[in-house]
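Fold and contact review
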Amino acid sequence: VLGDAAVGKSSLLRCFAEGPGGGPGAGAATPGPTVGVEFYSRTIALAPAGRAKLQLWDTAGQERFRSITRSFYRSAAGVLLVFDLTN
């Protein structure tokens, strides 16, 4: 997941990977900024009877982390770009 800082990349991924409540025992705390890269995983069902395990990498949006996050893009099968329409 790519995008500028504070556009909601971590919140979007956390909701997809753990559900809207943030998983069992999760509080309603506001997440802090991502430092470097965070990883999530989720297994999804594929038709007709298959499954796929997704590895979701949440990259930091701050400029100072650009050099380390670029190395994670090389073997990516897909990218989700998150941005703020009001910015």
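Residues numbered from 1 in each chain as written. Predicted model: local features only at pLDDT ≥ 70, side-chain atom pairs only at ≥ 80, totals over all residues. Heavy atoms only, no water.

The protein chain has the name RAB42 protein in an unreviewed UniProt entry, where Calyptomena viridis is given as its organism.

1. Let's talk about the overall build of the protein chain
From N to C terminus, the protein chain includes two helices and two strands. Written out in order from the N terminus, the α and β elements of the protein chain read α-β-β-α. Expressed as a percentage of its 87 residues, the buried residues of the protein chain come to 24%. Considering only residue pairs separated by 6 or more positions, the protein chain has 58% of its internal contacts joining residues 24 or more positions apart. When the accessible surface of the protein chain is split by element, carbon and sulfur atoms take 57% of a total near 6,300 Å². (Helix = DSSP H or I, 4+ residues; strand = E, 2+ residues; numbered from the N terminus. Buried < 20%, exposed > 50% of the residue type's maximum accessible area, 1.4 Å probe, protein only. Contact = heavy atoms within 4.5 Å. Areas by Shrake-Rupley, 256 points an atom, 1.4 Å probe, with all protein chains shown as cover.)

2. Some details on the pairing of strand S1 (residues 37-46)
Sheet topology places S1 next to strand S2 (residues 50-59); ten bridges connect them, and they run antiparallel. What sits directly across from Arg 42, in S2, is Leu 54. Connecting S1 to the next strand, S2, in antiparallel fashion are three residues. (Pairing = 2+ DSSP bridges.)

3. Structural notes on the packing of aromatic side chains
Going through the model one piece at a time under the given rule, you end up with zero aromatic pairs. For Arg 42, the ring lying beneath its charged end belongs to Phe 16, and the centroid distance is 4.3 Å. (Phe/Tyr/Trp six-rings, centres within 6.5 Å; stacked < 30°, edge-to-face > 60°. Lys NZ or Arg CZ within 6 Å of the ring centre and 35° of its normal.)

4. Observations regarding helix H1 (residues 9-18)
Here H1 has its buried residues at Lys 9, Ser 10, Leu 13 and Ala 17. Along the axis of H1, the buried positions cluster into a sector of 90 degrees, meaning they face one direction only. Those residues of H1 hidden inside the fold are in contact with S1 and S2. Gly 19, located one to two residues past H1, shows a positive phi value of around 95 degrees. (Arc of directions from axis to C-beta.)

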